[in-house]
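# Architecture at a glance
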Amino acid sequence: MAAVTLSLVGTGGQSPPCHLDWPLHRLRAGTTVVVEVTSAQPLGTLLLVRLWKEPLVSLVPDRWFCARVTVTGPLGDGDDDGDGDDDGDGDGGDDGDVPRATFPCYRWLESGCLELREGTARTPREATWEPQLLQQRQEERREREEAFQWEPYAPGWPWRLRALPPALCPWPPPPPPPSAASPASPASPSPPRQLSPSLAYPLGHRANIAARTAAAQIRVRLRGLRCGGSWRSFEDIREALEGPGTPISEYVLRHWQDDAFFGAQYLSGVNPVLLRRCSRLPPNFPVTPPMVAPSLGPATCLRREMEGGRIFLADYALLDGLPTGRVGGEPQFLAAPLCLLWISPGQQLLPIAIQLSQRPGPESPIFLPGDGPWGWALAKLWVRGAHFTLHEAVTHLLHTHFLGETFALATHRLPACHPIHQLLLPHCRFTFHINILAREALLSPGAFIDQATAVGREGTLELVARGTAALTYRELCVPDDLEHRGVTDIPNYHYRDDALEIWGAIESLVEGIVALYYPEDSDVAEDYELQDWVGEIFTYAVLGNEKTGFPSKLCSRPELVKFVTMIIFCCSARHAAVNSGQYDYAAWMPNTPGTLGRPPPRRKEEATAELLLRTLPSPDATGALLALLSVVSYEGGEPRPLGSRSEELFSGAAPRRLLASFRRRLAAISHRIRQRNEGLALPYPYLDPACVQESVAI
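Here is a short report on the structure shown in this document. None of these values were measured; they are calculated from a predicted model.

Secondary structure assignment for the protein yields 22 helices and 18 strands. Computed over its C-alpha atoms, the radius of gyration of the protein comes to 28 Å, within 12% of the 26 Å expected for a compact globule of 698 residues. Each of the three principal axes of the protein carries a C-alpha extent, and together these read 95 × 55 × 50 Å. Each of the 698 residues in the protein was classed as buried or not, and the buried ones make up 56%.

Next comes the structure, spelled out in structure tokens:
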């Protein structure tokens with residue numbers, strides 16, 4: 001209902017304002033408004049579209065979301081911009097006799113003037129043919145660098161967007177204790193800005209998450225999980241946690257004590273990137289052949305199984321010495337175990353030895369399957385607790401959320417017409433908002449991390465910093481990571497199979513897009529905007545650490561293709577793999593404890609059913625974690641699967657053909673995964689492209 005006008009600005013002048021508002025037009029959601037713009041003189045090459053919006057009569061702020069403006073010129077104007085493209089779409093072809101230019105917006109208009117640049121993707125070199133376009137591009141870049149500023153959050157962490165928390169947070173953080181202090185940030189040239197409405201969840205999206213959060217809190221209270229006290233028996237736990245659940249969570253409930261299921265979670269659970277082949281035991285894990293002989297059987301031995309590539313190791317060394325917190329006033333505990341696993345002749349991955357610390361000795365026994373039901377069960381419980389902590393802080397938050405934010409921030413600082421900006425922008429959708437919520441509602445003192453996990457806020461701050469220091473470029477690139485960990489031929493590794501296919505599909509799309517705009521390696525090396533972009537990611541994502549192997553510059557097309565493929569995969573498929581199954585595998589708390597309330601046993605004789613019960617997290621901690629995971633494991637608003645391109649920025653027939661091929665390939669992958677899952681007792685649906693969101697949005 002507001003007054004909206006439009007003007008076209010070209011090298012020859014500006015058109016008179018054209019009114020788009022009511023009652024002549026209705027700017028309703030999902031509609032296309034067609035208007036005729038006339039000018040007494042030729043406008044020349046179109047430079048931008050000006051949209052002006054001001055309130056009409058309403059006192060209530062009335063925002064308008066504009067997807068794009070498409071300008072179609074008079075018949076026979078031909079090619080007036082010198083790019084050899086009559087239709088203005090930048091693909092060098094001719095889609096007809098009508099010149100056309102597209103001005104992407106995908107932003108909310110509140111009041112005032114918004115200037116949209118012509119959206120044909122161009123590198124800086126291609127923009128030099130028109131001085132006004134080059135000047136406009138430089139001005140836009142300065143504006144974006146001012147609007148999207150870098151800011152540290154905690155020592156050793158990737159940097160974040162400098163912005164105020166968005167209003168209407170669905171998870172209001174609890175007030176911090178009087179003594180709590182946030183990490184200090186250095187002085188900034190300008191105060192933080194409110195997160196732009198175009199970068200934040202829509203109101204309906206936030207309302208959906210808030211409603212689900214409230215429902216989750218009600219459910220855990222009805223189950224008696226937020227009423228204090230402690231577990232009195234395993235029957236109490238079963239009554240509180242058993243059903244109704246998801247098909248996978250019901251499978252977990254039935255099989256959580258099975259060694260085969262314990263091992264399968266390394267391959268197709270929520271942290272399927274930890275396991276590595278073990279050709280030689282580490283010196284701090286003194287497993288002897290007689291120890292594991294009963295598990296391996298008489299027909300083989302440990303040395304032979306290692307030589308055959310059938311022994312694997314899960315090492316939680318990153319957790320060693322990590323500070324732990326308190327839950328409900330009680331101290332919490334965490335181990336840094338080593339777990340040895342073996343591929344049996346039946347193609348099952350089975351645990352065969354567990355040590356609960358990084359320092360062997362009399363008070364750090366090696367637990368074995370033959371040590372009795374409670375000793376072995378307790379050892380596996382400590383491994384699962386360590387697995388949860390490492391997964392949430394490093395594999396999930398760091399590798400997808402916080403690195404995703406640095407990728408998004410560097411990308412938003414590129415001009416809108418840069419091809420890399422246009423390729424990556426849909427994969428940045430809502431990442432700023434969800435990360436602000438994570439820092440405000442999860443990592444604030446006294447919030448969910450303190451209520452439900454062993455390490456609490458302080459331990460999480462240190463663990464993410466350790467993970468950042470230990471990060472490598474190789475582990476984020478699927479083919480390189482699988483080869484390095486020696487798991488390319490391990491059976492029943494559904495994550496590997498699905499991830500490789502999705503990586504290949506993304507890589508094919510990126511290769512095609514890069515070839516359109518960078519014909520030679522020298523074009524990549526000479527794109528100064530691209531080099532600044534990758535340099536910022538190197539500086540602010542991995543803090544300039546050359547040991548990570550992250551590139552600080554890109555000198556060839558293959559290097560650019562690999563880097564962009566890695567970003568898209570991390571922001572879509574990798575996040576789906578480590579996020580979507582959280583509730584499935586944690587709904588039955590003994591399988592995925594967020595914290596443990598007693599120290600690890602120092603002697604095997606200590607292991608009893610009573611100790612196992614007292615070691616489990618309290619009902620309060622269990623309820624807090626389940627309430628959170630039941631919300632964040634699922635998309636909060638309108639689904640945007642990988643390939644949907646929620647912000648379609650590329651114009652031209654060639655990019656459209658590449659995107660269509662990408663979607664067909666994803667559909668074929670989805671069909672194969674669904675057929676496979678129909679024959680599995682424990683399906684792996686998390687990398688079905690139809691379920692993989694295109695960005696880190698929850």
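The next point concerns helix α2 (residues 203–222). Think of an α-helix as 3.6 residues a turn; residues three or four steps apart then line up on the same face. With 20 residues, α2 should cover 28 Å at 1.5 Å per step; its first-to-last C-alpha distance of 29 Å lies within 8% of that length. Of the surrounding secondary structure, the elements contacted by the buried residues of α2 are α10 (431–442) and α21 (619–632). With its phi angle positive at about 80 degrees, G224 sits one or two positions after the end of α2.

This part takes up the packing of helix α8 (residues 373–412) against helix α18 (residues 557–579). Angle between the axes and distance between the axes: these two values describe a pair of packed helices. Viewed as axis vectors pointing N to C, α8 and α18 meet at an angle of 150 degrees, and their least axial separation amounts to 10 Å. It follows that α8 is roughly antiparallel to α18 by the angle criterion. For the pair α8 and α18, the crossing hand works out as left-handed. Residues H391, T395, H396, H399, T400, H401, G404 and F407 of α8 touch α18, and the partners they reach there are M566, I567, C570, C571, R574, H575, V578 and N579. Tallied by class, residues from the contact of α8 with α18 come to six nonpolar, nine polar and one charged.

On to the packing of α8 against helix α17 (residues 528–541), then. In contact at an axis separation of 9 Å, α8 and α17 are set at 145 degrees when each is read in the N-to-C sense. Relative to α17, the crossing made by α8 is right-handed. Where α8 abuts α17, its residues L403, T406, F407, A410 and T411 lie against W533, E536, I537, Y540 and A541. For the contact of α8 with α17, the class distribution of residues is seven nonpolar, two polar and one charged.

Counting across every chain of the model gives 33 salt bridges. Linking R144 and E140 is a salt bridge whose minimum nitrogen-to-oxygen distance equals 3.1 Å. Taken as a pair, R144 and E140 lie in helix α1 (residues 131–147) at a separation of four residues, close to a single helical turn. On the basis of relative accessibility, which here comes to 6%, the residue E140 falls in the buried class. One salt-bridge network, in which partners are shared between bridges, spans D498, E501, R672 and R676.

Next up on the list: the sheet that holds strand β18 (residues 366–367). Strand order in the open sheet formed by five strands is β12-β13-β16-β17-β18, and the pairing between neighbours is antiparallel. In this open sheet, the two strands that pair with only one neighbour each are β12 (276–277) and β18. Note that strand β13 (residues 311–315) and strand β16 (residues 338–343) share five bridges and pair antiparallel. Opposite A314, over in β16, you have C339 as the bridge partner. This element, α8, spans β17 (349–355) and β18 of the sheet and lies at about 90 degrees to β17.

Counting residues in hydrophobic clusters, the biggest one holds 169 residues, and the most contacted among them are Y266, Y495, W533, L560, F563, M566 and L687. Top element by residues in this core is α8. It accounts for 20 residues. When residues no more than four places from it in sequence are discounted, the contact partners of F563 are Y473, W533, V534, I537, F550, P551 and L554.

Take the side chain of D584 next. Mapped onto the fold, D584 is located in helix α19 (residues 582–586). An unpaired buried charge is present at D584: no salt bridge exists, and R212, the closest side chain of opposite charge, is 12 Å distant. A distance of 2.7 Å separates polar atoms of two side chains, one belonging to D584 and the other to T246. A polar contact of 2.6 Å, which involves the side chain of D584, links it to the side chain of Y686. Apart from the residues lying within four places of it in its own chain, the contact partners of D584 are T246, I248, S249, V252, Y634 and Y686.

What follows is about the environment of L164. Along the polypeptide, L164 turns up in strand β10 (residues 163–164). Placed 169 residues apart in sequence, L164 and F333 show a C-alpha to C-alpha distance of 35 Å. In this view, L164 contacts P192, R193, Q194, L195 and I436; residues no more than four positions away in its chain are not counted.

A word on the packing of aromatic side chains. Overall, the coordinates contain 19 aromatic pairs when judged by the stated rule. Ring centres 5.3 Å apart and planes at 65 degrees place the aromatic pair F65 and W108 in the edge-to-face group. Of the two residues, F65 sits in strand β5 (residues 64–72) while W108 sits in strand β6 (residues 100–109), which places them 43 residues apart along the sequence. Residue classification places F65 among the partly exposed positions, given a relative accessible area of 36%. By relative accessible area, W108 is classed as partly exposed at 30%.

A complete count under the given rule lists 10 cavities of 30 Å³ or more for this structure. Estimated volume of the largest cavity: approximately 300 Å³. For the largest cavity, the lining is made up of 23 residues, of which E392, L397, L442, I449 and L628 are closest to its centre. Only α8, α10, α11 (448–452) and α21 provide two or more residues apiece to the lining of the largest cavity. Looking at the second largest cavity, its volume works out to about 110 Å³. Taken together, R117, E118, R122, A127, L133, Q136, R137, E140 and C417 make up the full set of residues lining the second largest cavity. Looking at which element gives the most residues to the lining of the second largest cavity, the answer is α1, with four residues. Looking at the lining of the second largest cavity residue by residue, the class counts come to three nonpolar, one polar and five charged.

Parameters at a glance
Residues numbered from 1 in each chain as written. Predicted model: local features only at pLDDT ≥ 70, side-chain atom pairs only at ≥ 80, totals over all residues. Heavy atoms only, no water. Helix = DSSP H or I, 4+ residues; strand = E, 2+ residues; numbered from the N terminus. Rg over C-alpha atoms; globule rule 2.2 N^0.38 Å. Buried < 20%, exposed > 50% of the residue type's maximum accessible area, 1.4 Å probe, protein only. Expected span 1.5 Å × (residues − 1). Contact = heavy atoms within 4.5 Å. Axes fitted to C-alpha atoms, helices over the stretch in contact; angles between N-to-C directions. Parallel < 35°, antiparallel > 145°, perpendicular 65-115°, else oblique. Left-handed = near helix turned anticlockwise from the far one by under 90°. Nonpolar A, V, L, I, M, F, W, Y, C, P; charged D, E, K, R; others polar. Salt bridge = Lys/Arg side-chain N within 4 Å of Asp/Glu carboxyl O. Pairing = 2+ DSSP bridges. Core = buried A, V, L, I, M, F, W, Y, C linked by side-chain atoms within 4.5 Å. Lys, Arg positive; Asp, Glu negative; His and termini not counted. Polar contact = N/O pair within 3.5 Å; in protein donor to acceptor, adjacent residues only side chain to side chain. Phe/Tyr/Trp six-rings, centres within 6.5 Å; stacked < 30°, edge-to-face > 60°. 1 Å grid on protein atoms, 1.4 Å probe; cavity = no way out; pocket = protein on both sides within 12 Å on 5 of 7 lines; lining within 4 Å. Points joined across faces, edges and corners; volume = space filled by probe spheres on them.

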